[in-house]
Amino acid sequence: MAWLPDHFTVYVAFNFIILASFNVASTAPGGSSAHVLSLLQPYDFLYYSGVRAYFGQEWAKAAEQLEKSIVTKESLLRVRRQCHADCVAAGREALYKLDSEEGSLWDLWALDWVQQKAECMRFCIGRHVTPAGQLAVSSDIEYEFGTRNPYNFLQVTYYKLEKLQRAASAAHTYFVANPSHLEMRNNIEKYRRMEGVTEEAFHDREIENEKHWVLYDAAVQYEASSDWVQAAEKWKTCVNETLRQTEECRVQCEMTPQRLPEDRGVDSVDGVFEKAAALSLSLLSCRQSCVSQVATRPGRISAQEDYLPTQLEHLHIAQFKAGDISGAVQTLRSLLLFYPSDKDSLDNLQLYYDTLGGDTESQGTQPAQEIVRYISRSLQEKKLLYFGRENFDFSFTDPDLWTPEDVVPESLRETWRAEKEKMNEKIKEGEQQEEVDDSGFFAGGPVPRKGVTITMDDEILNGTNRVVLDGVMTEKECDRILQLATAAASAGDGYRGRRSPHTPHETFEGLTVLRAVKLAQDGMVNQSDARLLHELGERVRVLLHSYFRSPSGLFISFTHLVCRNAIAGDQEGRLDLSHPVHVDNCLLEPDTKQCWKEPPAFIHRDLSAILYLNDNFDGGELIFTNRDAKTVTARVKPSCGRLVGFSSGPVNPHGVTAVTSGRRCSLALWFTKQKLYRDMEREEAEALWAADGQSVVKKDEEEAGGSATAARNARSQAPQEKSRGRGRVTGGKDEL
Ligand SMILES: O=C(O)CCC(=O)C(=O)O
Ligand SMILES: [Fe+3]
């Protein structure tokens, strides 16, 4: 079988020097047909050389070296996978002998097997990778590649080289794994508007390694639209892809240089067997950690719990709803391998048994063989690892929730029980303290604008740091912004009514300040309306800064004019929300009542505000709930000029009830205490006006009495310099 790495075409497309072209496995490894043009260099070396060129502003060299580092890393993984596959057969003879009459020498045959494999791998890898390229890279480099930082450098590099399509592609690839990176978000917006950049540019270059997430999201989408046949199909492919990715990850454990734990290293007093045990435990632990690795979305820190069993659960329901009963029984049986005493699954199985006349045992309904193998292999690994943990002080964190109790040593179970109790107590305490907000805001300050009244405070809204103000806009102003939304929607260009990201029963339009300014420049909307949109952000900022007695400066971090439209004829029996309950700056987990402050949540948002524009629609109330995302604690009915403000943290889970007829428009605003996360687009809009010779301070603000001065002061504090990249070798990557 001839084998060429897929990236071969990439080399050609990017016109780079071909690093390696090889033909593995047309004979056994070591066979003479191997044709080596050149060996893979260490990719960390290439990366550093790219970064050096970047800082030296040698853009062509930077692009070449950075691309080479990415491709070389990918090639290295491929070589390892291929060598692993080629070496499976090596030592098989020794394995047979373990079972044979010469079995009394089993320990020597076992060693023979180890040696045969080692020799095969060493030879195979050595044919494709330089000795330096075989060394483990530092954890810094692992971090750089793990966070996709090479693409961060590449986007600026290609921009400087005026290769905009590639720059956009690098920006997009970086942003997928760094969704809270504001500068990159702004850059992407700019690329979208640049001539010569087509939609194809916004393709994730690392998608090959993330296919299971694409399938996962697609399956969820099909479920949401009740397309069960497609959903089942997608879940099935997702399960297979997850298994495949796990396999690939496990292979890397065998092929990467494993380090012995520090105290068991070269100089330890451990004998040969202890060292061998330590090494094999490292290998097993690495393989087990693949479960978490595969279950972690790009850009996220924590793995999704119970990733594979969750997929099986969804697949089971989708198959059932699609009428594929034997498929459903098979999946249910697979799921039961993870949780053999799960009551719901057992009840369902009984139900199938009853309705199928007892025929749940036939061939087609046995658990999938891959899952049977997956479970038994994993269980055996866990047994060995727990043994190592108990007897050799080997540290092992089990990535699974389904591990049966009897696999875990009793002593450990006791410690866990104690920890669980402590945790339960903490959760209980947490429930009582749920209302404590650590944002530093303290509701109850004055509202410095004529005509604005406090309609609902913490007490009426049943919570902490929440407020409803009325009279923030006049009817005329509401009409102008509504008109702006309508004009922008008909101007199209990405703001035409798309299906809402939250519900299939509504369409959704969004407009940012900068977009409005550009539309005004193109004569599509009124210049003065675009300016009003900009000014409203500042008006709200001043009001809430004062009412919440903010301990520090507040910066607008994002402004979004949003309209939600009920899709007529598609509202019957609707049970969903227009916007599901969420917390604005963390990922709410209603079951545990935890809120994870990590991307893709917008973790830098400190204060949220919604300024409503109309009330001529049905539904669309803003609701606040407890952390269970169910118990409603307060409701707010939108109307023109009504402003809701609340601290963005876990004290304020909220959502929007279904908009069942009409169009609901509002201006959503988020504020941050950190200058770094201020909205750069506003500054760009201001710069555009300045270039047009228009003043940014508007008469409207002056009418606002005290607030105008506050607004001006705030603006004079607003930073003008562009923020710089932070940390490690990321510094210096400018916004465009
Ligand atoms: O429109 C609303 O009332 C709330 C919207 C919201 O919570 C959000 O966009 O995060
Ligand atoms: Fe929200």
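See above for the structure.
Quick look at the structure, then. (Residues numbered from 1 in each chain as written. Chains lettered and ligands numbered in written order. Predicted model: local features only at pLDDT ≥ 70, side-chain atom pairs only at ≥ 80, totals over all residues. Heavy atoms only, no water.)

### Digging into the overall build of the protein chain
Point 1. Broken down by element type, the protein chain carries 23 helices and 15 strands.
Point 2. For the protein chain, with 736 residues in total, the buried portion stands at 49%.
Point 3. Within the protein chain, residue pairs in contact and separated by at least 24 positions form 73% of the contacts whose partners lie at least 6 positions apart.
Point 4. Of the roughly 35,500 Å² of accessible surface on the protein chain, 53% is carried by carbon and sulfur atoms. (Helix = DSSP H or I, 4+ residues; strand = E, 2+ residues; numbered from the N terminus. Buried < 20%, exposed > 50% of the residue type's maximum accessible area, 1.4 Å probe, protein only. Contact = heavy atoms within 4.5 Å. Areas by Shrake-Rupley, 256 points an atom, 1.4 Å probe, with all protein chains shown as cover.)

### Focus: the environment of Gly 510
Point 1. By secondary structure assignment, the location of Gly 510 is in strand E4 (residues 506–511).
Point 2. With a relative accessible area of 5%, Gly 510 lands in the buried category.
Point 3. Once the C-alpha coordinates of Gly 510 and Arg 564 are considered, the two residues, 54 residues apart in sequence, prove to be 9.1 Å apart.

### Notes on the coordination of the iron ion (ligand 2)
Point 1. Within the protein, the iron ion (ligand 2) binds to His 582 (NE2), Asp 584 (OD) and His 654 (NE2); these donor distances fall in the range 2.1 to 2.2 Å.
Point 2. One chain supplies every donor for the iron ion (ligand 2), spaced along it as H-x1-D-x69-H. On the criterion of sequence distance, the pair formed by His 582 in strand E6 (residues 577–582) and His 654 in strand E14 (residues 654–657) is long-range, its members being 72 residues apart. Considered together, His 582 and His 654 belong to a single accessibility category, that of buried residues. (Donors = N, O, S within 2.8 Å, 3.2 Å for Na, K, Ca; no water.)

### Quick word on the site of ligand 1
Point 1. Residues in close proximity to ligand 1 include Arg 564, His 579, His 582, Asp 584, Ile 610, Tyr 612, Leu 622, His 654, Val 656, Arg 664, Ser 666 and Trp 670, which together make up its full environment.
Point 2. Contacts to ligand 1 include His 582, whose side-chain N or O atom sits 3.0 Å from an oxygen atom.
Point 3. Between an oxygen atom of ligand 1 and a side-chain N or O atom of Asp 584, the distance comes to 3.2 Å.
Point 4. Alone, ligand 1 offers 290 Å² of accessible surface; in the complex the protein occludes 92% of this.
Point 5. Those elements giving two or more residues to the shell around ligand 1 turn out to be E6, strand E9 (607–612), E14 and strand E15 (659–672).
Point 6. Broken down by element, the residue count for the shell around ligand 1 peaks at three residues, all from E15.
Point 7. When grouped by side-chain class, the residues that make up the shell around ligand 1 number five nonpolar, four polar and three charged. (Near = heavy atom within 4 Å. Polar contact = N/O pair within 3.5 Å; in protein donor to acceptor, adjacent residues only side chain to side chain. Nonpolar A, V, L, I, M, F, W, Y, C, P; charged D, E, K, R; others polar.)

### What to know about the pattern of salt bridges
Point 1. If you walk through the whole model with that rule in mind, you get 31 salt bridges.
Point 2. With a shortest N-O distance of 2.9 Å, Arg 539 and Glu 477 are connected by a salt bridge. Of the two residues, Arg 539 sits in helix H20 (residues 527–547) while Glu 477 sits in helix H18 (residues 475–491), which places them 62 residues apart along the sequence.
Point 3. By relative accessible area, Glu 477 is classed as buried at 10%.
Point 4. Beyond isolated ion pairs, a larger network of salt bridges with shared partners links Arg 81, Glu 241, Arg 244 and Glu 248. (Salt bridge = Lys/Arg side-chain N within 4 Å of Asp/Glu carboxyl O.)

### With respect to the packing of aromatic side chains
Point 1. Overall, the coordinates contain 22 aromatic pairs when judged by the stated rule.
Point 2. With a centroid separation of 5.2 Å and 85° between ring planes, the pair formed by Tyr 54 and Phe 55 is classed as edge-to-face.
Point 3. Taking relative accessible area as the criterion, Tyr 54 reaches 4% and is therefore assigned buried.
Point 4. Since its relative accessible area comes to 46%, Phe 55 is described here as partly exposed.
Point 5. Arranged with centres 6.2 Å apart and planes meeting at 50°, the rings of Phe 338 and Tyr 374 form a pair that is tilted. Residue Phe 338 is located in helix H14 (residues 325–338), and its partner Tyr 374 is located in helix H16 (residues 369–391); the two are separated by 36 residues in the primary sequence.
Point 6. Here the aromatic cluster, defined as three or more aromatic residues joined through ring pairs, consists of Tyr 43, Tyr 47, Tyr 48, Tyr 54, Phe 55, Trp 59, Phe 145 and Phe 153. (Phe/Tyr/Trp six-rings, centres within 6.5 Å; stacked < 30°, edge-to-face > 60°.)

### A short note on the side chain of Asn 652
Point 1. Inspection of the secondary structure assignment puts Asn 652 in the loop between strand E13 (643–647) and E14.
Point 2. At a separation of 3.4 Å, a polar atom in the side chain of Asn 652 contacts the main-chain carbonyl oxygen of Asn 465.

### Regarding helix H7 (residues 149–160)
In an α-helix, one turn spans 3.6 residues, which is why side chains three or four residues apart end up on the same side.
Point 1. Between the first and last C-alpha of H7 there are 17 Å, a value that for 12 residues agrees with the 16 Å anticipated at 1.5 Å per step.
Point 2. Taken across its 12 residues, H7 has 10 buried, putting it largely inside the fold.
Point 3. Along H7, the residues classified as buried are Asn 149, Pro 150, Tyr 151, Asn 152, Phe 153, Leu 154, Gln 155, Val 156, Thr 157 and Tyr 158.
Point 4. Immediately beyond the C-terminal end of H7, within one or two residues, lies Glu 162, with a positive phi of roughly 60°. (Expected span 1.5 Å × (residues − 1).)

### What to know about the state of the cysteines
Point 1. Scanning the entire structure with this criterion turns up seven disulfides.
Point 2. A sulfur-sulfur separation of 2.0 Å characterises the disulfide bridge that pairs Cys 87 with Cys 120. On the sign convention where negative means left-handed, the S-S torsion of about -85° between Cys 87 and Cys 120 marks this disulfide as left-handed. Residue Cys 87 is located in the loop between helix H3 (59–86) and helix H4 (92–99), and its partner Cys 120 is located in helix H5 (residues 106–126); the two are separated by 33 residues in the primary sequence. Residues Cys 87 and Cys 120 agree in their burial class; the two are buried.
Point 3. Paired by a disulfide, Cys 586 and Cys 595 hold their sulfur atoms 2.1 Å apart. (Disulfide = S-S within 2.5 Å.)

### Description of the sheet that holds strand E12 (residues 632–636)
Strand pairing within a sheet occurs via backbone hydrogen bonds; the two strands may be parallel or antiparallel.
Point 1. A sheet is described by the order of its strands in space; here four strands give the open sequence E6-E14-E11-E12, paired in antiparallel fashion. At either margin of the open sheet sits one strand with a lone partner, and together these are E6 and E12. Each strand of the sheet is rotated relative to its neighbour by a mean of 25°, with strand direction disregarded.
Point 2. Judged from the three bridges that link them, strand E11 (residues 622–625) and E14 form a sheet pairing that is antiparallel. From the neighbouring strand, Phe 624 faces E14, where its bridge partner is His 654. (Pairing = 2+ DSSP bridges. Axes fitted to C-alpha atoms, helices over the stretch in contact; angles between N-to-C directions.)

### Observations concerning the nonpolar core
The tendency in soluble globular proteins is for nonpolar side chains to be buried as a group.
Point 1. Membership of the largest hydrophobic core comes to 47 residues, with the highest contact counts inside it found for Leu 469, Ile 481, Leu 544, Leu 561, Leu 643 and Phe 671.
Point 2. Those elements giving two or more residues to this core turn out to be strand E2 (466–470), H18, helix H19 (513–521), H20, strand E5 (555–566), E9, E15 and helix H21 (680–691).
Point 3. Per-element tally for this core: the top contributor is H20, with eight residues.
Point 4. Setting aside anything within four residues of it in sequence, one finds Leu 561 in contact with Ile 481, Leu 484, Ala 485, Glu 509, Gly 510, Leu 511, Leu 533, Leu 613, Ser 666 and Leu 667.
Point 5. By size, the runner-up hydrophobic cluster in this structure holds 42 residues, among which are Tyr 54, Trp 59, Met 121 and Ala 168. (Core = buried A, V, L, I, M, F, W, Y, C linked by side-chain atoms within 4.5 Å.)

### Brief notes about helix H6 (residues 139–146)
Point 1. Residues Ile 141, Glu 144 and Phe 145 constitute the buried set of H6. One side of H6 holds all its buried residues, which, seen down the axis, span an arc of 90°. Exposed side of H6, more than 90 degrees from the buried face: Ser 139 and Gly 146 are the residues found there.
Point 2. Buried residues belonging to H6 abut helix H2 (43–55), H3 and H7.
Point 3. Once H6 ends, the next one or two residues include Arg 148, with phi positive near 60°. (Arc of directions from axis to C-beta.)

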